[in-house]
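A structural walkthrough
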4 protein chains.
Amino acid sequence: MANQRHDHPVTPRTKDEKAAITNRLKRIEGQVRGIQKMVEEDRYCIDILVQISAINAALKKVGFSVAERHTKHCVTDAVKNGEGNEAIDELMEVLKQFSK
Amino acid sequence: MANQRHDHPVTPRTKDEKAAITNRLKRIEGQVRGIQKMVEEDRYCIDILVQISAINAALKKVGFSVAERHTKHCVTDAVKNGEGNEAIDELMEVLKQFSK
Amino acid sequence: MANQRHDHPVTPRTKDEKAAITNRLKRIEGQVRGIQKMVEEDRYCIDILVQISAINAALKKVGFSVAERHTKHCVTDAVKNGEGNEAIDELMEVLKQFSK
Amino acid sequence: MANQRHDHPVTPRTKDEKAAITNRLKRIEGQVRGIQKMVEEDRYCIDILVQISAINAALKKVGFSVAERHTKHCVTDAVKNGEGNEAIDELMEVLKQFSK
């Protein structure tokens, strides 16, 4: 069961939830392609950096929404099953990475 | 001339420089697509978050290499032309965004 | 009771826990005073920046240890009382600030 | 001379410049002491985290103002003396630390 928890979220993502994240990721993918085009056209460095910052911000937003859902479902579930601390350690570890 | 500086870097990127950045961006684009697949397959949240952190780190690396080249060419050139402080203000502004 | 939760942690910090955080904060306070001395002595900028980065890293560490304890006590308690989502929203909000 | 550059900024900080940074650092020092008091009083974790975020933001501000002055004086000077790239590498290295 602990193993199962590591393959999927405890509550499967709904079709709408999947669509919402996927749309944001598709937009981010488009932004990354946009920077490739800017490099190809030899565009001004600062303009490229502004775009990279925008993508980083967008990715962090997606990340925090994934983390929030994770905490509300998987961590909450673990807490109720008496396995909360392990789930919280795992969450904190990944959020530390995130805050770099 | 100040205007020209804002469209392109003072020293055009070489073919090799373009290729180096483009390769890294293509890899990042692939990683973003990879996350879409993970969401589609309803993969475990923490695994998705680890991937998002990895992309953020990769993007920051690209960003710093763009910023370094910018400083060594565009800012250096501006300093030699007595327009250094303006270029430095612009650089700092974008690096502040970056450090968020 | 919701009000009480906002004044103190649900499980009071033990004497040892307080001492552990206080020691780290005292060290950080000393580091901040150290930078003041460096500025007074007109020390090299890069050396000052390295010190500031070190303090930021130390503060983040303290922050994450506070966040971890908060999640293991206050959030866990809220989850068990059926008020988990509110506590999680509050946690995520502050962690977003943190990751800037 | 390269050695001298590593002990002090090329242009000594004026009395006013020193006072400006010192004031900001004294305020930060006070904020760190404030958190110690909050811990002593066993204050709510989230309130402590908000304060830590505020200090981090204040430290970053000081850091960027030091970095800006460094670039406008030390790096600019190095560029004019044909030692720009070395100074820029050093600057980028420390800014990478900073953006973590």
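Refer to the structure presented above.
Residues numbered from 1 in each chain as written. Chains lettered and ligands numbered in written order. Predicted model: local features only at pLDDT ≥ 70, side-chain atom pairs only at ≥ 80, totals over all residues. Heavy atoms only, no water.

1. Things to note about the overall build of chain A
Let me state the cut-off plainly: A run of DSSP states H or I qualifies as a helix once it reaches four residues; a run of E qualifies as a strand once it reaches two. Both are numbered from the N-terminal end. The globule rule used here is 2.2 Å times the number of residues to the 0.38 power, and the radius of gyration it is set against is calculated over C-alpha atoms. Residue burial is assigned from relative accessible area. The probe radius is 1.4 Å, only protein chains are included, and a residue is buried under 20% of its type maximum, exposed over 50%, and partly exposed in between. A contact between two residues is defined here by any heavy atoms of the two lying within 4.5 Å. The Shrake-Rupley method, run with a 1.4 Å probe sphere, supplies the accessible areas, and residue values consider only the shown protein chains as cover. By the counting scheme adopted, Arg and Lys are positive, Glu and Asp are negative, and His together with the chain ends is not counted. Charge placement uses NZ in Lys and CZ in Arg. For Asp and Glu, CG and CD serve respectively.
Helices and strands together make up the secondary structure of chain A, namely four helices and zero strands. When the helices and strands of chain A are read in sequence order from the N terminus, they spell out α-α-α-α. Against the globule reference of 13 Å for 100 residues, chain A gives a C-alpha radius of gyration of 18 Å, more extended than a compact globule. Viewed in the frame of its principal axes, chain A has a C-alpha envelope of about 55 × 30 × 20 Å. Among the 100 residues that make up chain A, the fraction classed as buried is 50%. Counting only contacts in chain A whose residues sit at least 6 apart along the sequence, the fraction spanning at least 24 positions is 63%. Only carbon and sulfur atoms are counted for the fraction: they give 50% of the accessible area of chain A, which is about 4,700 Å². Across chain A, the centroid of the 17 positively charged side chains sits 5 Å from that of the 15 negatively charged ones.

2. A word on the packing of helix α4 (residues 84-98) of chain C against helix α3 (residues 45-80) of chain D
Quick reminder of the rule: The axes are straight lines fitted to the C-alpha atoms, using for helices just the contacting stretch, and the angles between their N-to-C directions are given from 0 to 180°. Working definition: roughly parallel below 35 degrees, roughly antiparallel above 145 degrees, roughly perpendicular at 65 to 115 degrees, and oblique for all remaining angles. With the far helix as reference, a near helix turned anticlockwise by less than a right angle produces a left-handed crossing, and one turned clockwise produces a right-handed crossing. All residues other than Ala, Val, Leu, Ile, Met, Phe, Trp, Tyr, Cys, Pro, Asp, Glu, Lys and Arg, Gly among them, are scored as polar; the first ten of these are nonpolar and the last four charged.
Where α4(C) contacts α3(D), the two axes come as close as 9 Å, and the packing angle between them is 15°. As the angle between them shows, α4(C) and α3(D) are arranged roughly parallel. For the element pair α4(C) and α3(D), the recorded crossing hand is left-handed. From α4(C), C:E90, C:L91, C:V94, C:Q97 and C:F98 reach across to α3(D), where they touch D:I46, D:L49, D:V50, D:I52 and D:S53. Of the residues assigned to the contact of α4(C) with α3(D), the class counts are seven nonpolar, two polar and one charged.

3. Examining unusual backbone geometry
Residues and elements named next belong to chain A. The phi torsion at D42 lies on the positive side, around 55°, for a residue other than glycine. Positionally, D42 belongs in the loop between α2 (15-40) and α3 (45-80). Looking at D42, the relative accessible area reads 9%, which means it is buried.

4. Some points on the relation of the copies chain C and chain D
Which entries qualify depends on this criterion: To line up the copies, we fit them by least squares on C-alpha atoms, keeping just the residues with pLDDT of at least 70 in both.
Superposing chain C onto chain D takes a rotation of 180° combined with a translation of 0.0 Å along the rotation axis, leaving an RMSD of 0.0 Å. Viewed as a symmetry operation, the transformation between the two copies matches a two-fold axis.

5. Focus: the interface of chain C and chain D
What counts here: Here the buried area means the combined drop in accessible surface, using a 1.4 Å probe, for two parts upon being joined, counting both sides. Salt bridges, as used here, are contacts in which a Lys or Arg side-chain nitrogen is within 4 Å of a carboxyl oxygen on Asp or Glu. Whenever a nitrogen or oxygen atom comes within 3.5 Å of another N or O atom, the pair is scored as a polar contact, on the condition that within protein one atom can donate a hydrogen and the other can accept it, and that pairs from neighbouring residues in sequence are kept only if both atoms are in side chains.
Contacts between chain C and chain D engage 48 residues on the former and 48 residues on the latter. Taken as a group, C:D42, C:Y44 and C:L49 account for 16% of the area that chain C buries against chain D, more than any other trio of residues on that side. Between chain C and chain D we count four salt bridges in total. The partner of D:D42 in a salt bridge is C:R13, and the shortest N-O contact between them spans 3.0 Å. Here chain C and chain D share 17 residue pairs in polar contact (both at pLDDT 80 or more) between them. Breaking the side of chain C that touches chain D down by element, the ones donating at least two residues are α2 (15-40), α3 (45-80) and α4 of chain C. For the side of chain C that touches chain D, the element with the highest residue contribution is α3(C), accounting for 18 residues. Partitioning the side of chain C that touches chain D into residue classes produces 24 nonpolar, nine polar and 15 charged.

6. Regarding the environment of B:L59
Within the secondary structure, B:L59 is located in helix α3 (residues 45-80). When the C-alpha positions of B:L59 and B:T11 are compared, they lie 23 Å apart, and in sequence the two are 48 residues distant. With residues up to four places along the chain from it excluded, the contact list for B:L59 reads A:I52, A:I55, A:N56, A:L59, B:I28 and B:F98.

7. Some points on the packing of aromatic side chains
All names here are of chain A. Selection criterion: Any two of the Phe, Tyr and Trp rings considered here, Trp counted by its six-membered ring, make a pair once their centres fall within 6.5 Å; the pair's planes then place it as stacked at under 30 degrees, edge-to-face at over 60, or tilted in between.
Applying the stated criterion across every chain yields a total of four aromatic pairs over all chains. For the ring pair F64 and F98, a centre distance of 5.6 Å and an interplane angle of 80° mean the geometry is edge-to-face. Separated by 34 residues along the polypeptide, F64 in helix α3 and F98 in helix α4 (residues 84-98) bring together distant segments of the chain. Looking at F64, the relative accessible area reads 6%, which means it is buried.

The analysis is restricted to geometry; functional conclusions fall outside its scope.
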